[in-house]
Amino acid sequence: MEIALIPDGEPAGADSVRPGSGTDYKRRLDIPSSLYSEVALYIVPRARKKEETVAQDVEVAEEPVAVVERGADADVEELEGIGRVTGQKLKERGYYTVRDLAFASVKEIADIIGNEERAAQIIEAARSMLGLSNFISALEVYRRRVNIKRISTGVRSLDELLNGGVETSAVTEVAGEFGAGKTQFCHQLAVMVQLPEDKGGLSAKAIYIDTENTFRPERIAQIARARGLDPDQALKNIYYARAYSSDHQMILAEQARRIIKQDNVKLLVVDSIVAHFRAEFPGRENLAERQQKLNKHIADLLKIADAYDVAVVVTNQVMAQPDVFFGNPLKPAGGNVLAHGATYRIWLRKSKENIRIAKIFDSPYHPEREATFKITEEGLTD
Ligand SMILES: Nc1ncnc2c1ncn2[C@@H]1O[C@H](COP(=O)(O)OP(=O)(O)OP(=O)(O)O)[C@@H](O)[C@H]1O
Ligand SMILES: [Mg+2]
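Residues numbered from 1 in each chain as written. Chains lettered and ligands numbered in written order. Predicted model: local features only at pLDDT ≥ 70, side-chain atom pairs only at ≥ 80, totals over all residues. Heavy atoms only, no water.

Cut-off, in case you're wondering: UniProt positions are given in the numbering used here, feature names are shortened, and annotations may be inferred rather than shown by experiment.
With an unreviewed UniProt entry as reference, the chain is termed DNA repair and recombination protein RadA, source organism Thermoproteus tenax. Per UniProt, the chain has the following entry under Function (unreviewed entry): "Involved in DNA repair and in homologous recombination. Binds and assemble on single-stranded DNA to form a nucleoprotein filament. Hydrolyzes ATP in a ssDNA-dependent manner and promotes DNA strand exchange between homologous DNA molecules." Looking at the Sequence similarities (unreviewed entry) heading of the UniProt record, one finds this comment for the chain: "Belongs to the eukaryotic RecA-like protein family."

Structure follows, in structure tokens:
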């Protein structure tokens, strides 16, 4: 969907406007009314004054949307202040493009070039080259958001729940008890992402990091066939790796980043994200170390999602909370680290036979709704 700017005086593209809440501003935008609350949150308080005082800010937003793309894939050596030697050092450690630097932390870069102040300058230069450094208007934020692509789940009710599917540039966590369908959900997405856009996909490939040895190529073939894809081709389009430990899992995430840079990958699955961490760091005495490592891993995944417009989907087990007597005694593992790291969280639970119920929780903008789906031979269906 594009935002069309409508000249002043034209009929409103909107059907309802709240009195006294910046109607002039809204009237100029062909924004579906369902999204008003989100847009209004940012722009309404200043909208009345717009004509006199903030008109210039709005001009900024009328630039092409691809600001982030500008120069993003330029070689690190094209940045001012980076010579051949520094450039080589950075590349040896996996920082090839301006984009890689823009999303790096000062510590990471300082470890490579041995100077914190210079690292900060380099990162700042990279961000500024990509237009990431400055404040932008909320309208620009909105524009970038409407350009975010989604991967359809292939299930109407689930897509409705997710406002169209699983988002790129975000980390989606799928939590649930054993047999709830988390792994099936991941298999389905690994196929769906390959479909053309008019069928809900992104004509792209997937990376699948499997920590529990539950990836089943024959299941991919089944789902692919049901979606009209050649099973062999669908399997070829999935990069697969089994992670044997938490350290290995983190290395694989880094390797995934390199693949994503070179190939058309739009989905990165980690099934499951916390299993190794929980097994290797049991008990309260190891909790701090475990959470620290998990935190780093999730931060890496978030960076991949953000920097490469990839949908990252991670699964998570739920665990019993012995001290909860009222309400739901189950909660997702991983604690606050995951709760704060994941952009969207979906909870799956079993109903009778092959019926499953999905619910979104902790989302910044999805209402807490539920959707029902089935797990069948063809994969997830309505
Ligand atoms: N080919 C198939 N046809 C129909 N149903 C299937 C098929 N393969 C798996 N299922 C169903 O999927 C369910 C298992 O789901 P899944 O493995 O995704 O659970 P999970 O949430 O990943 O569990 P865990 O926490 O153990 O990893 C089972 O109920 C199984 O019956
Ligand atoms: Mg599973």
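**Looking at the site of ligand 1**
Rules: A cutoff of 4 Å decides nearness: a residue is near a molecule or strand if any of its heavy atoms lies inside that distance of it. Here a polar contact is taken to be a pair of N or O atoms separated by no more than 3.5 Å, where protein atoms must pair a possible hydrogen donor with a possible acceptor and residues adjacent in sequence count only if both atoms sit in side chains. Values of accessible area rely on a 1.4 Å probe in the Shrake-Rupley scheme; residue burial ignores everything except the protein chains shown. Helix and strand assignments follow DSSP, with helices taken as H or I runs no shorter than four residues and strands as E runs no shorter than two, numbered in order from the N terminus. Throughout this entry, Asp, Glu, Lys and Arg are counted as charged residues, while Ala, Val, Leu, Ile, Met, Phe, Trp, Tyr, Cys and Pro are counted as nonpolar. The remaining residues, Gly among them, count as polar.
Around ligand 1, the structure places 15 residues, and the nearest of them are Gly 179, Lys 182, Thr 183, Gln 184 and Arg 356. Between an oxygen atom of ligand 1 and a main-chain N or O atom of Ala 180, the distance comes to 3.2 Å. Residue Arg 356 places a side-chain N or O atom 2.9 Å away from an oxygen atom belonging to ligand 1. Relative to its unbound accessible area of 650 Å², ligand 1 is 66% covered by the protein chains. Examining the composition of the shell around ligand 1, we find that 3 residues originate from one element, helix α10 (residues 182-192), more than from any other. Its residues assigned to classes, the shell around ligand 1 comprises 3 nonpolar, 6 polar and 6 charged.

**Overview of the pattern of salt bridges**
Our working rule: The term salt bridge refers to a pairing of a side-chain nitrogen on Lys or Arg with a carboxyl oxygen on Asp or Glu at a separation within 4 Å. The classification of residues rests on relative accessible area computed with a 1.4 Å probe and restricted to protein chains. Under 20% of the type maximum is buried, over 50% is exposed, and intermediate values are partly exposed.
Here the structure, examined in full by the defined rule, presents 16 salt bridges. A salt bridge links Glu 254 to Arg 258; the shortest N-O distance between them is 3.2 Å. With Glu 254 and Arg 258 both in helix α13 (residues 246-262) and 4 residues apart, this pair spans about one turn of that helix. Classification of Glu 254 as partly exposed rests on a relative accessible area of 27%. One salt bridge connects Glu 370 with Arg 349, and the closest N-O pair in it is separated by 3.1 Å.

**A short note on unusual backbone geometry**
For the bond from Asp 271 to Ser 272, the omega torsion is -5°, close enough to zero to count as cis. At Ser 169, a position not held by glycine, the phi torsion is positive, near 60°. On the secondary structure map, Ser 169 appears in the loop between β2 (166-167) and β3 (170-176). Relative accessible area serves as the criterion here: at 21%, Ser 169 is assigned to the partly exposed category.

**Here we look at the packing of α10 against helix α11 (residues 217-226)**
The criterion, for reference: Inter-axis angles, ranging from 0 to 180 degrees, are taken between N-to-C directions of lines fitted to C-alpha atoms, where helices are fitted over the stretch in contact. In this scheme, roughly parallel covers angles under 35 degrees and roughly antiparallel covers those over 145, while 65 to 115 is roughly perpendicular and the rest are oblique. Two helices that cross are described as forming a left-handed crossing if the nearer one is turned anticlockwise from the farther one by less than a right angle, and a right-handed crossing if clockwise. Contacts: residue pairs with any heavy atoms within 4.5 Å of one another.
Axis separation between α10 and α11 bottoms out at 9 Å; the angle between their running directions is 55°. It follows that α10 is oblique to α11 by the angle criterion. Every pair of crossing elements has a handedness; the one defined by α10 and α11 is right-handed. The segment α10 lies against α11, with Gln 184, His 187, Gln 188, Ala 190 and Val 191 engaging Arg 219, Ile 220, Ile 223 and Ala 224. Tallied by class, residues from the contact of α10 with α11 come to 5 nonpolar, 3 polar and 1 charged.

**Some words on the nonpolar core**
We apply this condition: Residue types Ala, Val, Leu, Ile, Met, Phe, Trp, Tyr and Cys, when buried and joined through side-chain atoms within 4.5 Å, form a set referred to as a nonpolar core. Where each domain starts and ends follows an automatic or database-derived domain assignment.
Formed by 48 residues in total, the largest nonpolar core has its most connected members in Leu 90, Leu 101, Ile 109, Leu 268, Ile 273, Leu 301 and Val 312. Taken together, the elements giving at least two residues each to this core come down to α5 (98-102), α6 (106-113), α7 (116-129), β4 (205-210), α13, β6 (265-271), α15 (287-308) and β7 (311-320). Per element, the largest residue contribution to this core is 7 residues, and it comes from α15. Domain assignment of the residues forming this core places at least three in each of domain 1 (2-130) and domain 2 (148-381). With residues near it in sequence (within four places) discarded, Leu 101 still touches Val 76, Leu 79, Ile 82, Leu 90, Tyr 95, Ile 109, Ile 122, Ile 123 and Ala 126.

**Digging into α13**
Applicable threshold: Expected span of a helix, by definition, is 1.5 Å for each gap between consecutive residues, and there is one gap fewer than residues. What the arc measures is the spread of directions leading from the helix axis to the C-beta atoms.
Relative to the 24 Å expected for 17 residues at 1.5 Å per residue, α13 spans 25 Å between its end C-alpha atoms, a close match to the ideal helical length. Those residues of α13 that fall on the buried side of the exposure criterion are Ser 246, Gln 249, Met 250, Leu 252, Ala 253, Ala 256, Arg 257 and Ile 260. End-on view of α13: buried residues confined to an arc of 155°, all on one side of the axis. Those residues of α13 hidden inside the fold are in contact with α5, β4, β5 (238-242), β6, α14 (275-280) and α15.

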